[in-house]
Amino acid sequence: MATVFYDKAVVEVRLGDQKEQLLASDCSLNYAGARQPLYAIGTKGSLGQFPSAARAGDVSFSFLTSITGNFFGYKGNIINTLASGIKNNVTNGSETSGVEIKFAGVSGSGFLTSYGLGVAANSISSSNASFTFFGSGDQLPFSGRLAPVDGMVIDEVEGKLSTGIAHGRYTNLDNFATVLGTPTDTANVFGAEYSLSLNYNPIYKVGQEFPTTCLYTNAQESVTITEDVFNSGLPFDGLANQDVILTVSGLPVEAFGEELHLPGMEIGISGYKVVSTSMSAGLDDIVRTQKAITAAY
Amino acid sequence: MLGRIRREAEKITINRTGILGVQSISTQYESVARPLDSLGITEIQYAPQGAQTASLQLNTLLTNTLGAGYGGSYSLDVMQNFTGDIPFSGIIDYGTEKIYFSQGYMETYSVSCGIGEIPQTSTTSAIYGDFGTGVLFSEYAQDPGLIPSLNIPSYSSMEVNLDEFTTNRMTSFSVDIATPRVPIYTLNADKPDKVIAGTPIEVNVNFSLDIDDYEIKNMRFVPEQTVFRDTTITLKKNNSDVELLRYSFDNMLLTSESFRAGVDSNAAINFNLRSFILR
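Residues numbered from 1 in each chain as written. Chains lettered and ligands numbered in written order. Predicted model: local features only at pLDDT ≥ 70, side-chain atom pairs only at ≥ 80, totals over all residues.

### Looking at the overall build of chain B
Here's step 1: Regarding its fold elements, chain B presents one helix and 20 strands.
Here's step 2: When the backbone C-alpha atoms are referred to their principal axes, chain B occupies close to 70 × 50 × 40 Å.
Here's step 3: For chain B, with 279 residues in total, the buried portion stands at 24%.
Here's step 4: Put simply, 68% of the contacts in chain B that link residues at least 6 apart link residues at least 24 apart. (Helix = DSSP H or I, 4+ residues; strand = E, 2+ residues; numbered from the N terminus. Buried ≥ 20, exposed ≤ 12 C-beta atoms within 10 Å, placed from the backbone. Contact = placed C-beta atoms within 7 Å.)

### Overview of the overall build of chain A
Here's step 1: Across its full length, chain A carries one helix and 22 strands.
Here's step 2: Overall, the C-alpha framework of chain A stretches about 80 × 55 × 45 Å when taken along its three principal axes.
Here's step 3: Across the 297 residues of chain A, 35% fall into the buried class.
Here's step 4: By sequence separation, contacts in chain A at least 24 residues apart represent 67% of the contacts at least 6 residues apart.

### Structural notes on the environment of Thr199 of chain B
Residues and elements named next belong to chain B.
Here's step 1: Relative to the assigned elements, Thr199 resides in the loop between strand E16 (194-197) and strand E17 (201-210).
Here's step 2: A residue is classified by how many C-beta atoms lie within 10 Å of it, and Thr199, with 13 of them, is partly exposed.
Here's step 3: For Thr199, the contacting residues outside a window of four places in its chain are Leu278 and Arg279.

### Quick look at the environment of Ser256 of chain B
Residue and element names in this part refer to chain B.
Here's step 1: Mapped onto the fold, Ser256 is located in strand E19 (residues 243-262).
Here's step 2: Looking at Ser256, the number of C-beta atoms within 10 Å reads 12, which means it is exposed.
Here's step 3: Once you skip the residues sitting within four places of it in the chain, Ser256 turns out to touch Phe271 and Asn272.

### So, the nonpolar core
Here's step 1: Ranked by size, the top nonpolar core spans 66 residues in total, and within it Val11, Ala24, Cys27, Phe103 and Leu112 of chain A carry the most contacts.
Here's step 2: If one sorts the elements of this core by residue count, strand E16 (residues 189-203) of chain A sits on top with seven residues.
Here's step 3: Among residues more than four places away in sequence, those in contact with Cys27 of chain A are Val11, Val59, Phe61 and Phe103 of chain A together with Leu39 of chain B.
Here's step 4: Within the second largest apolar cluster, 35 residues are counted, among which are Ile14, Ile19, Met79 and Phe249 of chain B. (Core = buried A, V, L, I, M, F, W, Y, C linked by C-beta atoms within 7 Å.)

### Description of the interface of chain B and chain A
Here's step 1: Facing 25 residues of chain B, the contacting portion of chain A comprises 43 residues.
Here's step 2: Looking at the side of chain B that touches chain A, the elements that each hand over two or more residues are strand E5 (45-48) and strand E15 (181-184) of chain B.
Here's step 3: Among the elements that make up the side of chain B that touches chain A, the one with the highest residue count is E5 of chain B (four residues).
Here's step 4: Residues belonging to the side of chain B that touches chain A are distributed by class as follows: 13 nonpolar, nine polar and three charged.
Here's step 5: As defined by bridge partners, strand E13 (residues 160-161) of chain A adjoins E5 of chain B across two bridges and the pair is classed as parallel. Counted as the bridge partner of Lys160 of chain A is Gln45 of chain B from E5 of chain B. (Nonpolar A, V, L, I, M, F, W, Y, C, P; charged D, E, K, R; others polar. Pairing = 2+ DSSP bridges.)

### Looking at the confidence of the model for chain A
Here's step 1: Per-chain confidence: chain A averages 91 in pLDDT, with 96% of residues scoring 70 or above.
Here's step 2: Element-level mean pLDDT values for chain A span from 75 in E13 of chain A up to 97 in strand E11 (residues 126-133) of chain A. (pLDDT = per-residue confidence, 0-100.)

### Re the pairing of strand E20 (residues 265-277) of chain B
Residues and elements named next belong to chain B.
Here's step 1: As defined by bridge partners, E17 adjoins E20 across 10 bridges and the pair is classed as antiparallel. Opposite Ile201, over in E20, you have Ile277 as the bridge partner.
Here's step 2: In terms of strand pairing, E19 meets E20 through eight bridges, oriented antiparallel. Among the inter-strand pairings, Leu254 is bridged to a residue of E20, identified as Leu273.
Here's step 3: As consecutive antiparallel partners, E19 and E20 are separated by two residues.

### Examining helix H1 (residues 78-87) of chain A
Here's step 1: Burial analysis of H1 of chain A places eight of its 10 residues in the buried class, the great majority of the element.
Here's step 2: Restricting attention to buried positions, one finds in H1 of chain A the residues Ile78, Ile79, Asn80, Thr81, Leu82, Ala83, Ile86 and Lys87 of chain A.

### With respect to the environment of Asp212 of chain B
Residue and element names in this part refer to chain B.
Here's step 1: Within the secondary structure, Asp212 is located in the loop between E17 and strand E18 (228-237).
Here's step 2: Considered as a pair, Asp212 and Arg169 are 43 residues apart in the sequence and their alpha carbons are 8.1 Å apart.
Here's step 3: The contact partners of Asp212, leaving out residues within four places of it in the chain, are Thr167 and Asn168.

### A closer look at the confidence of the model for chain B
Here's step 1: On average, residues of chain B score 90 in pLDDT, and 95% of them reach the 70 mark or higher.
Here's step 2: Both scores are available for the predicted complex, with the pTM at 0.88 and the ipTM at 0.86.

### Here we look at the sheet that holds strand E4 (residues 33-35) of chain B
Here's step 1: Ordered in space as E13(A)-E5(B)-E4(B), the three strands form an open sheet in which the pairing is mixed. Among the strands making up the open sheet, the edge pair consists of E13 of chain A together with E4 of chain B.
Here's step 2: The pairing of E4 of chain B with E5 of chain B spans three bridges and is antiparallel. Across the sheet, residue Pro35 of chain B finds its bridge partner in E5 of chain B, namely Tyr46 of chain B.

Structure below.
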């Protein structure tokens, strides 16, 4: 029996020779092997349950949006680097390899299937990610056993403000605000929800349970902006392709006797279209509007 | 050397108006910094979670009011004027130190009086702007520009217009006004973009009576005994007919009655009237 308290259940993502232990607030791991009962005429009951698909698993977790990492030249957490790398993957024939995920002693090679991030006024930003584990060749989707794993001590200084976490107080998304003309009106932005979903095509061959390779196929991303201006002129064609950068920032750091803001973590959104707008009200609140923009890769 | 600060070295100024007759002041904030927790946690770091606000409570005797020239659209009670959508800033002086605050919005206002008492007001306010030490205002704004006049109302010179008081003796009353506030926060800001004066305003008026022939009503919603009352309480300057303050509310619903009797007291009734004002 392994009794593992949460402080020994670190979530670690390794991408090539670089890794990050994420500040996860929850994590769940599922592992399943599909079985199908077979029946035959003349036989009462089933002949047995037989595998109907390869064993596969998934891991999903939420984590505080850490922004001070630097992986392969991308600023921010390793999940953001991974997501950016995959969705812009157009040069290597779309063949992709998984990244190593470790959670409380259990590890496997997973493919990022979804990534999301939320930011709201005066709140700490939270992100989420999901991975699918297909296994590979003779390699099982997961290996290891539940065991306590110590987290790495990043900073020995105790009692300090966290400057490496994205926060709504310090995140400026005015570049997403709806601007209307005649009469001019510019929205206040109250919050944003970003999500990215990625699709893969694992290639299985006869005589082998797990795929020989895995192809990245496509990705869609969307950002829902909560603000206070409703644009009734939703265009049929979504306007021309546009690029925008979603930048989330954290608390200022003190350096050279001054407060400085570290550069925020960026998510580049290419060729986006505005696909919907809405407005809603509840008791004791203002009418808030939402617009959704999407991009596809 | 240890020292102490007594009441003579304390004062409060709101919107450059000196508040007089103060019985007590309390103000406080609670940090919204919370420790970050995570799976595999190895260290404690803090980050603000939620909007940072402070609060201010003020109790004053109604001994000083604005001059008659401020009548009309203003209440002569300085604090009652903040039950609307006007924010306030101010300074609390204690000894040589000061506490500054800005963007204060009143959330509750109460006035009460009993036999043998000077009417007293109590207010609670939320501070959405700045709070603390330092220089938040110009030197010019730190001194009170207006000192209210001495005008003392008393229990003996007030008027209350409820029918029960012809045969039943009112011993005390209170008026409680709750003014909701809705701060609207945006990204990249720690102060609200605006503070909306919420609606409705809830008004509760409580009376205590030493009774003679007062009849308790049926607590079921019997139409003929469901009571709606117009209530007006007028405070006048002591030993005069000069009206200082008038609290007037229409169509208040009788929402509670309580009866009490004891071996060493008169039979007494407390009742509450409530109404809601849309704004």
